[in-house]
Structure formats: structure tokens, C-alpha cells
Amino acid sequence: MSQNESTSHLGFLISGFASLFVISFLDNSRGPILPLLCEKLKIPYETAGTFLTLGCIAAVISTYILGHFLKRTSERKIALIIAGICLIPGFVAPFVNSVATLLLLGILMGASVTLMGTLTNVLTIKGSPSHLRGRHLSLQQVMYGIGSLLAPLVFSKLLFLDLDWSWMLVGCSFAIFLLGIAFYILLPNEPFVRPVDDVKRRLSGQGFIMVLLFALYVGGEVLASMWMSTLIVGKQGLAPELAATYGIGFFALLGGTRFLCFLFVKPSWESKILVASLLAGILFAILGQQGFTLALPMIGLLGPFFPLCLARISREFPEDWKAMTVHVFIATQVMLGIMHQSVGSIADALGIENAFLICPLLLFLALALLLFNLRKARLRTLSGL
């Protein structure tokens, strides 16, 4: 990335950190509200899965469109447009009283979360020099962890006060409005430079493996975070407000491990950390599925994988990092759509505890691809010597 290989831009970094913090509330409100909406609207798990799947379809389409805009206009203009789109779910939430309006909300939330999530990584990568990118992306993900940690607390407080669940989304829209003002102030109104589009490399075997690896990992992590409450409520009979608190431990570990990466990680450690985080996620996902409820929050030890893997991708594709970032998030949403619908259908047929096995399966497949990628990288290094 020639334009920011050795320099940082504070406006991009602050915007990237703040936007992921804000959107984490909207993202992680879906898991806790699903059990409530299933009960309120008397819908099966399969419909809840459709709610998430339609969001993933909307995310794929909107991210694909975002990829074209990134080649044609500045990040500042794109950020302001995305902030406007993300305001909409808060206006729709109070009127969700049927399956149709629920699915509409799922579409809007899916598109909003993914557009803002992709943007945050573009902003942080652009604002980071190459040698600090892993640490900056880790700190950015700490913001997600903090927001995700606070989201179930806020949601539980709303339920305790007998307030409607929709107030969570209304509050998110207000925060996003403030975020849009921050974008306008912090992001530079600089001339747009058309990026190099290295299609050949982006579509190579190496690129495909990295995209699939990342998508498998995110599928496992999101399954754990979004279906954890439903597993606890449906299998163990805990109240939704109590089940939501288990997410606190999950996101505390997610954010805490990422913060440690920001403070201490060295490039030479990254490969070992990637492997160790996946191994821990697989172990605790299996234990949690087997009924050890306290193991479920421990899946948050996956935390370091997301930022370190994304930093690895940006370094392996230095001239086409924007396109690769979009490519990664499109593949991720396809994976999430398949995963959510599968979990919903399997949960109805075989029980939510059996559907939850998809989580360690996805993480195991991600681990297999990671080890293959690391071996290939080692061979390329040796052959270069």
C-alpha cells in the first residue's frame, strides 16, 4: 500500500475505531432480541434463521455495491452515505409486529452492519502504516469488544425497566447520527485516487484460500455470539435477560485478548497466535455444546484471529487491499447466510444443541486452511532463499 506504507492518519484511525464501536451495538442486538421475537411473534427457529439469512443476502448485495464505490469516490463520501443508511433500522424497529416487518428489519440490519463493518476496516487499514497494521486492527476490534460487552448490559437493563426491545435500535440510530457528524469533521476531503485493481492476484489460489479461511472463521465466531443466548434459553431454560449476560464474558474475552495483541503482539508471533486462538475456540465450543454453559463465554479466546488475519491479508495484497477487503466481507456474508439458515433448520429438526455443533466444525475447517496457508508461506520463503 504505497500511499500509507509508512505514515498514519489520525482522522482515519479515530473514525475506524469509533464506527466499529457504535455499530457493535446494532450488530449484537440481534442475538438477544431473537428469543424475545420468537416468543412474541410465535415463530420457529427456522424463521429466526431466515431473519439472519436475509440480512446476509442484503449484506452481500450492499457490500458488492460498496466495492464499486470504493473504486470511484473517496472514503469520506462513502462514510457519510453509509452513516445515513445505518440510521434506518432504528426508525423501523418500533413497528415490527409481524413476520414481514421482522424480515424487513433483518434486511436493513444486515446491510447496515456489514456496510459499516467493512468501512471500519478500510478506514483503519488506510490510516495505518504496514508495520503497525496488526496492532491498530487489534485496537479497532477492542472497540467492537467493548461495544459488544456493553450491548447485552444495555439490553438487559431495558428489559429490567420493562422498556420495549426496539429502544435499543432507536438508541443506535441516534449514536450513528453523531458518528456521521464525526465523519464529516475528521475525515479529510482529499482528492480521490483510483486504486490499482490487481484482478489476477485477487482471484489466485492464494487469494481464494485467504477469503474462504476468513469466512469460515467469522461463521464460527458469529454463530457462537448470535446463537449462544438461544442455546441457553432453548436448552437450559434460563430467562432471556439472564442468558444475555453470558454474552458479557464472551465479548470481554474477545476484546481483552485483542487489547493484549495491541499492546504486545510482534509480527513473529502472529502465526502462532492465529493457530492457538482457533484451537481454543474449537475446544470451548464443543464443551459449551455438551452442556458446560460456562465454557460458552470462553469461545471469546478467538479474539486475536480477526484483526491479525485481516492484517495478514492486507500485507499479502498490498496493491489491491480494498478489493480484497470487500471480497472477504462478501464471502463472509454468504457464509453467514448459509450458516444461519442451517442452524435454524437443524435446530427445529434436531434441537438447538445439535445445530450449535456447526460452530466448532467451521472453526476446525478454518484451522485446516490456516495450517495449509502457513505451510505454503513457509515453502515460498524457503524457495526465495
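Structural data are supplied above this passage.
Residues numbered from 1 in each chain as written. Predicted model: local features only at pLDDT ≥ 70, side-chain atom pairs only at ≥ 80, totals over all residues. Heavy atoms only, no water.

**Remarks on the overall build of the protein**
A tally of helices and strands in the protein yields 16 helices and 0 strands. Rg of the C-alpha trace for the protein: 20 Å, near the compact-globule value of 21 Å for 385 residues, within the 12% margin. Counting only C-alpha atoms and orienting by the principal axes, one finds that the protein spans roughly 60 × 45 × 35 Å. The burial tally for the protein puts 57% of its 385 residues in the buried class. A total accessible area of about 15,600 Å² is found for the protein, and carbon and sulfur atoms account for 71% of it. A gap of 9 Å separates the mean positions of the 26 positive and 18 negative side-chain charges of the protein. (Helix = DSSP H or I, 4+ residues; strand = E, 2+ residues; numbered from the N terminus. Rg over C-alpha atoms; globule rule 2.2 N^0.38 Å. Buried < 20%, exposed > 50% of the residue type's maximum accessible area, 1.4 Å probe, protein only. Areas by Shrake-Rupley, 256 points an atom, 1.4 Å probe, with all protein chains shown as cover. Lys, Arg positive; Asp, Glu negative; His and termini not counted. Charge placed at Lys NZ, Arg CZ, Asp CG, Glu CD.)

**Observations regarding helix H4 (residues 75-86)**
For H4, with 12 residues, the first-to-last C-alpha span of 16 Å sits near the 16 Å given by 1.5 Å per residue. For H4, the full list of buried residues reads Glu-75, Arg-76, Ile-78, Ala-79, Ile-82, Ala-83 and Cys-86. Down the axis of H4, the sector holding all buried residues measures 160°, keeping them to one side. Those residues of H4 that are buried are in contact with helix H1 (10-27), helix H3 (45-70), helix H5 (88-92), helix H6 (99-126), helix H8 (166-186) and helix H14 (321-350). (Expected span 1.5 Å × (residues − 1). Arc of directions from axis to C-beta. Contact = heavy atoms within 4.5 Å.)

**Concerning the environment of Ser-128**
Here Ser-128 is to be found in the loop between H6 and helix H7 (133-160). Taking the C-alpha atoms as reference points, Ser-128 and Gly-110, 18 residues apart in sequence, are found 27 Å from one another. At 2.6 Å, the side chain of Ser-128 forms a polar contact with the backbone oxygen of Thr-124. (Polar contact = N/O pair within 3.5 Å; in protein donor to acceptor, adjacent residues only side chain to side chain.)

**Considerations on the packing of aromatic side chains**
Applying the stated criterion across every chain, the model contains 7 aromatic pairs. Measuring from centroid to centroid gives 5.5 Å for Phe-21 and Phe-25, while their planes differ by 80°, and the two rings are edge-to-face. On the criterion of helical spacing, the pair formed by Phe-21 and Phe-25 is a turn pair, its members being 4 residues apart in helix H1. Here the aromatic cluster, defined as three or more aromatic residues joined through ring pairs, consists of Phe-214, Phe-306 and Phe-329. Taking the ring centre of Tyr-184 as reference, the NZ or CZ of Arg-76 above it sits at 4.6 Å. (Phe/Tyr/Trp six-rings, centres within 6.5 Å; stacked < 30°, edge-to-face > 60°. Lys NZ or Arg CZ within 6 Å of the ring centre and 35° of its normal.)

**Remarks on the pattern of salt bridges**
Working definition: two side chains of opposite charge can pair if their charged atoms are close together. For the structure shown, the criterion picks out 5 salt bridges. Across the pair Lys-126 and Glu-75 runs a salt bridge, and its minimum N-O distance is 3.1 Å. Of this pair, Lys-126 sits in helix H6 while Glu-75 sits in helix H4, and the two are 51 residues apart along the sequence. For Glu-75, a relative accessible area of 3% gives the class buried. Between Arg-312 and Glu-316 there is a salt bridge, and its shortest N-O distance comes to 3.3 Å. On the criterion of helical spacing, the pair formed by Arg-312 and Glu-316 is a turn pair, its members being 4 residues apart in helix H13 (residues 305-316). With respect to class, Arg-312 is no different from Glu-316; both count as buried. (Salt bridge = Lys/Arg side-chain N within 4 Å of Asp/Glu carboxyl O.)

**Some details on the packing of H1 against H7**
Across the interface, H1 lies against H7 with an axial gap of 7 Å and an inter-helix angle of 30°. The orientation of H1 relative to H7 falls into the category roughly parallel. Like other packed secondary-structure pairs, H1 and H7 cross with a definite hand, here right-handed. From H1, Leu-13, Gly-16, Phe-17, Leu-20, Phe-21, Ser-24, Phe-25 and Asp-27 reach across to H7, where they touch His-136, Leu-139, Gln-140, Gln-141, Met-143, Tyr-144, Ile-146, Gly-147, Ser-148, Leu-150, Ala-151 and Val-154. Of the residues that constitute the contact of H1 with H7, the class distribution is 12 nonpolar, 7 polar and 1 charged. (Axes fitted to C-alpha atoms, helices over the stretch in contact; angles between N-to-C directions. Parallel < 35°, antiparallel > 145°, perpendicular 65-115°, else oblique. Left-handed = near helix turned anticlockwise from the far one by under 90°. Nonpolar A, V, L, I, M, F, W, Y, C, P; charged D, E, K, R; others polar.)

**A closer look at the side chain of Thr-114**
On the secondary structure map, Thr-114 appears in helix H6. Engagement of the side chain of Thr-114 in a polar contact is seen with the backbone oxygen of Gly-110, the distance being 3.1 Å. Other than its neighbours up to four places away in sequence, Thr-114 contacts Ala-59, Thr-63 and Gln-333.

**Regarding the nonpolar core**
Membership of the largest hydrophobic core comes to 117 residues, with the highest contact counts inside it found for Leu-105, Trp-165, Phe-183, Tyr-217, Leu-278 and Ile-299. For this core, the element with the highest residue contribution is helix H10 (residues 205-236), accounting for 17 residues. In this structure Tyr-217 touches Arg-258, Leu-278, Leu-302, Phe-305, Phe-306, Leu-363 and Ala-366, once residues within four positions along its chain are discounted. (Core = buried A, V, L, I, M, F, W, Y, C linked by side-chain atoms within 4.5 Å.)

**Describing the environment of Leu-357**
Along the chain, the position of Leu-357 falls in the loop between helix H15 (352-355) and helix H16 (358-384). With a relative accessible area of 37%, Leu-357 lands in the partly exposed category. Considering only alpha carbons, one finds Leu-357 and Thr-101, 256 residues apart in sequence, at a separation of 30 Å.

**What to know about the state of the cysteines**
According to the stated counting rule, one finds 0 disulfides in the structure shown. In this structure Cys-309 is not part of a disulfide, and its nearest cysteine sulfur, from Cys-261, lies 13 Å away. Residue Cys-309 is classed as buried on the basis of its relative accessible area, which comes to 1%. (Disulfide = S-S within 2.5 Å.)

**Section: unusual backbone geometry**
Positive phi, normally seen in glycine, also occurs at Lys-42, with a value near 55°. Looking at where Lys-42 falls in the secondary structure, it is placed in the loop between helix H2 (30-41) and H3.

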